[in-house]
Number of protein chains: 2
Amino acid sequence: MTLAPPTGTTSLASAEEARAVLPALVGSLPPGTVLTDPDLLESYRFDWSRDPGAGTPVAVVRPADAAEVQAAVRWAAEHRVAVVPRGAGSGLSGGSSAVDGGIVLSLERMRAVEVDVDCQVAVVEPGALNAEVKAAVAQHGLWYPPDPSSFEICSIGGNVATNAGGLCCVKYGVTTDYVLGLDVVLADGRLVTLGGKRIKDVAGLSLLKLFVGSEGTLGVVTRALLRLVPAQQACSTLVASFPTVDAAARAVVGIRRGLRPSMLELMDQASVNAVEDHRAMGLDRDAGALLVAQSDAPGTSRAAEVVAMEEACRAAGALEVFVTDDPAEGSLFVEARRAAFPAIGARGALMLEDVGVAVPRLPELLAAIARIAAEEGVEIPVVAHAGDGNTHPIIVFDEADPDSRARAAAAFEAVMAAAIALDGTITGEHGVGRTKKGALPDQLGDDVMSLNLAVKAALDPAGILNPGALW
Amino acid sequence: MTLAPPTGTTSLASAEEARAVLPALVGSLPPGTVLTDPDLLESYRFDWSRDPGAGTPVAVVRPADAAEVQAAVRWAAEHRVAVVPRGAGSGLSGGSSAVDGGIVLSLERMRAVEVDVDCQVAVVEPGALNAEVKAAVAQHGLWYPPDPSSFEICSIGGNVATNAGGLCCVKYGVTTDYVLGLDVVLADGRLVTLGGKRIKDVAGLSLLKLFVGSEGTLGVVTRALLRLVPAQQACSTLVASFPTVDAAARAVVGIRRGLRPSMLELMDQASVNAVEDHRAMGLDRDAGALLVAQSDAPGTSRAAEVVAMEEACRAAGALEVFVTDDPAEGSLFVEARRAAFPAIGARGALMLEDVGVAVPRLPELLAAIARIAAEEGVEIPVVAHAGDGNTHPIIVFDEADPDSRARAAAAFEAVMAAAIALDGTITGEHGVGRTKKGALPDQLGDDVMSLNLAVKAALDPAGILNPGALW
């Protein structure tokens, strides 16, 4: 096998070179599509990770359709200008941090959603928000399951780019499980259609699946065909408190052994207290951890599944178990879980992790995180899609204090190293982006890294697409 | 983008050249691993498609572990010998047809199955049969859903290579949805591990998904980690007869609009009669088509789902609807459906199609198939995973009659063209292999073909892996 050299920004246009050829881009697109106002450029530099390495783009391009995306990419290919695709900017790994001398290709204006009811498919432009898709299909009694915590503000394009997960994934799978087709603008500006409305299709290599999760490094998605399912049944909600995180994690292992909850989330004591500080919801501040679980099993089997989950919680040493069939009451607990990230954000600057392990190793991972917090002297509240073994340790630090920042950065790397040591992953659903790429070779090893680079080199030999992300 | 040249066999070793270097291979592997007996070579030339283009291998290599696979591939890479990976040989598209001068790399001896109950993962060698995996995990109350009709005789390696489907896929998804990890020997003999027992992992490109469905053209799978779920609930079975195939297809569209059957199969009149001829089961020979559907919804919701399916059948004009909650009775109908392929095989030689369309276009596809049968004067019974829009038109011909063979071949191409014209696929679950590759460019178009070839060239630049398959 040819080992492809790492692609990078070294041979790409400088800011000066890119600015010099900008008139050709402006001239090829409708007025108002290419923006260069400095204040506006500043507002497109960062995603939610506030990646300190973010550069400053020479322009923000906001195409209205696939043809305009093609025009922008063709121009970039001709002049070797870096292209950073961007959806709603809610990414958590710096996957859409701007690059010095590059353009930001914002898909925010492309947000049409059409529903093909008979096919049970939504035809979606990449800028449409996840919540907009859910709302549009719900009108037809249909459901698009993937539900990142940020579903109200994140775009489908970003969801596809990161293969986003969420809370219901423990039963219903992640984004890639719902992508039937993609239109993609390639690195040379060609537009290809992969897949289609047929549910099963194995003709040729699984390129459709390759583009899902590629974080903008292989192409720019201009349209997605998303598989829909009948509307979700009503849910019952169980909230259980445990003396320790370890006991809660053991309950998760027990529940997953024979049940299919539609949600199985964990909050540790620090995250429970952060939520309570932010907005009192009556959660048990003294518990070592809470589990929030749901069952959407139909009919009478729902009650049976909840009883079985309760038994698994008690067997693992639950302090209290509360169950409700009232959807509104259940939603309050789910909102508490979703509120953890902003609530913890009120305590300081954050570095957000996304590490995962096989479910039975959750107790070990959570113990390692607690040890790292103590060793580095940082606060690391944890919320987790526990049923999938995917955790979000959230490192809180003081941005104004270099020592605090250094300890947080050390903890950030240590948590990823701990996950790798447990045969886990540095990212379960947020993507590698720029903030986690240092740890990617440690997880994948040299041979798999070389495979990644070989595919990248085959599809984007000049390295213009999202340079600096992933590797 | 660099358009990779098509890879092929032109620069690969001839049979004479390969035979000359065979002693080095024999010497590097335990005695009995490399077989060259001519009768035995003959028995490894074909899969179930009886591809007339199959060549004769210089050797059959039957490794006992991944290290022996690596030794064989390293030798092949050094001497540019074609390698055709082979599981159980039950493929239906010539994906494991032998190549003149190549070796057949049979994984039949690598069939260990380990079950990690806490992780709900089966660790499986590629030669293990699908049925062996199902049986091993059932002992622990777990279930591996993908269920090709051939599940009793097909291997997991072949299932991964083709991204195999089956009957329960309409609710539970296909092979790729269950593959958490793969060990793969690359074209240069390196062994890489992709994925792992963690359920969610988005670190790096989705190479795991790329290898699933790659039909042995990118690497040789030596181990698969398969996701398991709790054992399936009991099923109720519905059998409905319709005056026409069109009415049955419209019932399928109606059922899928709001329900989640765990099976939704169609048999047309010709396939029903073939099964009855083969082994009388009391099916209605006069009906234009039968649907066989199942619900495994839990508890009382199962009866409700069956009632709703029955209503959809009656709304589409069903003649008779029969429902049973008795698993043994239900199994008889499922067996009748599974028996269609061998039963039709008793009528002559077969060319088996695997075309699919979006579900609402099923009536159009079935009409097109009937038209082609009439135009070409051939018999084409149809069975279908109707709930997924995936059909198996089975072209019956007389192998001894050149005219019959020519008409069958014309029908074979016409059916694929009809599916493409309906925005469908030439293969939903069997793979392209060698027998369908002529139609692949018609479906994918030049740009997507070039993407396929670029990825192939990046991962197997010498083209030694399964040359002649896919393109």
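Residues numbered from 1 in each chain as written. Chains lettered and ligands numbered in written order. Predicted model: local features only at pLDDT ≥ 70, side-chain atom pairs only at ≥ 80, totals over all residues. Heavy atoms only, no water.

1. Quick look at the domain arrangement of chain A
Argument step 1. Taken domain by domain, chain A consists of domain 1 (15-108 + 451-459), domain 2 (113-230) and domain 3 (236-421).
Argument step 2. Between the C-alpha centres of domain 1 of chain A and domain 3 of chain A the distance comes to 36 Å. (Domains from an automatic or database assignment.)

2. What to know about the pattern of salt bridges
Argument step 1. A full pass over the atoms with the stated rule returns 48 salt bridges over all chains.
Argument step 2. We note a salt bridge from Arg 190 of chain B to Asp 447 of chain A, for which the minimum N-O separation is 2.6 Å. Of this pair, Arg 190 of chain B sits in the loop between β8 (179-185) and β9 (191-195) while Asp 447 of chain A sits in helix α15 (residues 440-459), each in a different chain.
Argument step 3. Judged by its relative accessible area of 18%, Arg 190 of chain B falls in the buried class.
Argument step 4. Residue Arg 361 of chain B pairs with Glu 364 of chain B through a salt bridge whose shortest N-O separation is 3.2 Å.
Argument step 5. On the basis of relative accessibility, which here comes to 29%, the residue Arg 361 of chain B falls in the partly exposed class.
Argument step 6. Under the relative-accessibility criterion, Glu 364 of chain B is labelled partly exposed at 39%. (Salt bridge = Lys/Arg side-chain N within 4 Å of Asp/Glu carboxyl O. Helix = DSSP H or I, 4+ residues; strand = E, 2+ residues; numbered from the N terminus. Buried < 20%, exposed > 50% of the residue type's maximum accessible area, 1.4 Å probe, protein only.)

3. A word on the interface of chain A and chain B
Argument step 1. Listed per partner, the contact involves 91 residues of chain A and 91 residues of chain B.
Argument step 2. Our enumeration of links across chain A and chain B arrives at 8 salt bridges.
Argument step 3. Note that Asp 118 of chain B is salt-bridged to Arg 257 of chain A, the shortest N-O span being 2.5 Å.
Argument step 4. The tally of links from chain A across to chain B stands at 27 residue pairs in polar contact (both at pLDDT 80 or more).
Argument step 5. Its residues assigned to classes, the side of chain A that touches chain B comprises 43 nonpolar, 29 polar and 19 charged. (Contact = heavy atoms within 4.5 Å. Polar contact = N/O pair within 3.5 Å; in protein donor to acceptor, adjacent residues only side chain to side chain. Nonpolar A, V, L, I, M, F, W, Y, C, P; charged D, E, K, R; others polar.)

4. Some words on the nonpolar core
Argument step 1. Counting residues in hydrophobic clusters, the biggest one holds 196 residues, and the most contacted among them are Leu 182, Phe 242, Leu 291 and Cys 313 of chain A together with Leu 182, Phe 242 and Cys 313 of chain B.
Argument step 2. Not counting the four nearest positions on each side in its chain, Leu 182 of chain A is found in contact with Val 160, Val 192, Thr 193, Leu 194, Leu 208, Phe 211, Val 212, Val 221, Arg 223 and Ala 224 of chain A. (Core = buried A, V, L, I, M, F, W, Y, C linked by side-chain atoms within 4.5 Å.)

5. Thoughts on the UniProt feature "domain: FAD-binding PCMH-type" (unreviewed entry) in chain A
Argument step 1. Those residues carrying the UniProt feature "domain: FAD-binding PCMH-type" (unreviewed entry) are residues 53-231 of chain A in this numbering.
Argument step 2. As a span, residues 53-231 of chain A carries 22% helix and 24% strand, and end to end its C-alpha atoms are 42 Å apart. (UniProt positions renumbered as here; feature names shortened; annotations may be inferred.)

6. Thoughts on the relation of the copies chain A and chain B
Argument step 1. With an RMSD of 0.0 Å, the operation that places chain A on chain B is a rotation of 180° combined with a shift of 0.0 Å along the axis. Both copies are brought into coincidence by an operation consistent with a two-fold rotation axis.
Argument step 2. Take the interface residues of chain A: 100% of them recur as interface residues in chain B, which is what a same-surface contact looks like. (Least-squares fit on C-alpha atoms with pLDDT ≥ 70 in both.)

7. Points about the packing of aromatic side chains
Argument step 1. Tallying each qualifying case throughout the model produces 8 aromatic pairs over all chains.
Argument step 2. Aromatic side chains Phe 322 of chain A and Phe 333 of chain A sit 5.8 Å apart centroid to centroid with 50° between the ring planes, which places their arrangement in the tilted category. Taken together, the residues Phe 322 of chain A in strand β15 (residues 320-324) and Phe 333 of chain A in helix α11 (residues 327-338) connect sequence positions 11 residues apart.
Argument step 3. Phe 322 of chain A sits in the partly exposed class, given a relative accessible area of 36%.
Argument step 4. When its relative accessible area of 16% is taken as the criterion, Phe 333 of chain A is described as buried.
Argument step 5. Looking at Arg 50 of chain B, its charged tip hangs above the ring of Phe 46 of chain B, at a distance of 4.1 Å from the centre. (Phe/Tyr/Trp six-rings, centres within 6.5 Å; stacked < 30°, edge-to-face > 60°. Lys NZ or Arg CZ within 6 Å of the ring centre and 35° of its normal.)

8. Some thoughts on the pairing of strand β9 (residues 191-195) of chain A
All names here are of chain A.
Argument step 1. Note: strand β8 (residues 179-185) against β9, 5 bridges, orientation antiparallel. Residue pairing for β9: Asp 183 is matched across the bridge by Thr 193.
Argument step 2. Counting the residues in the hairpin turn of β8 and β9 gives 5 residues, including Gly 189, whose phi is positive at 95°. (Pairing = 2+ DSSP bridges.)

9. Some points on the side chain of Asp 460 of chain A
All names here are of chain A.
Argument step 1. Structurally, the position occupied by Asp 460 is in the segment after α15.
Argument step 2. At 2.7 Å, the side chain of Asp 460 and the side chain of Lys 456 are in polar contact.
Argument step 3. At a separation of 2.9 Å, a polar atom in the side chain of Asp 460 contacts the main-chain amide nitrogen of Leu 465.

10. Let's talk about the sheet that holds strand β5 (residues 113-116) of chain A
Residue and element names in this part refer to chain A.
Argument step 1. Spatially, 5 strands are ordered β5-β6-β10-β8-β9 in an open sheet, and the strand pairing comes out antiparallel. A single partner strand is all that each edge strand has here, and the edge strands are β5 and β9. Direction aside, the axes of adjacent strands within the sheet are offset by 15° on average. (Axes fitted to C-alpha atoms, helices over the stretch in contact; angles between N-to-C directions.)

11. Quick word on helix α13 (residues 362-376) of chain B
All names here are of chain B.
Argument step 1. The end-to-end C-alpha separation of α13 is 21 Å, in line with the 21 Å expected for 15 residues at 1.5 Å each.
Argument step 2. If you check which residues of α13 are buried, you get Leu 362, Pro 363, Leu 365, Leu 366, Ala 368, Ile 369, Ile 372 and Ala 373.
Argument step 3. Close packing links the buried residues of α13 with α8 (245-258), β13 (263-268), β17 (382-385), β18 (390-397) and α14 (402-421).
Argument step 4. Just downstream of α13, Gly 377 is the residue with a positive phi angle, here 65°. (Expected span 1.5 Å × (residues − 1).)

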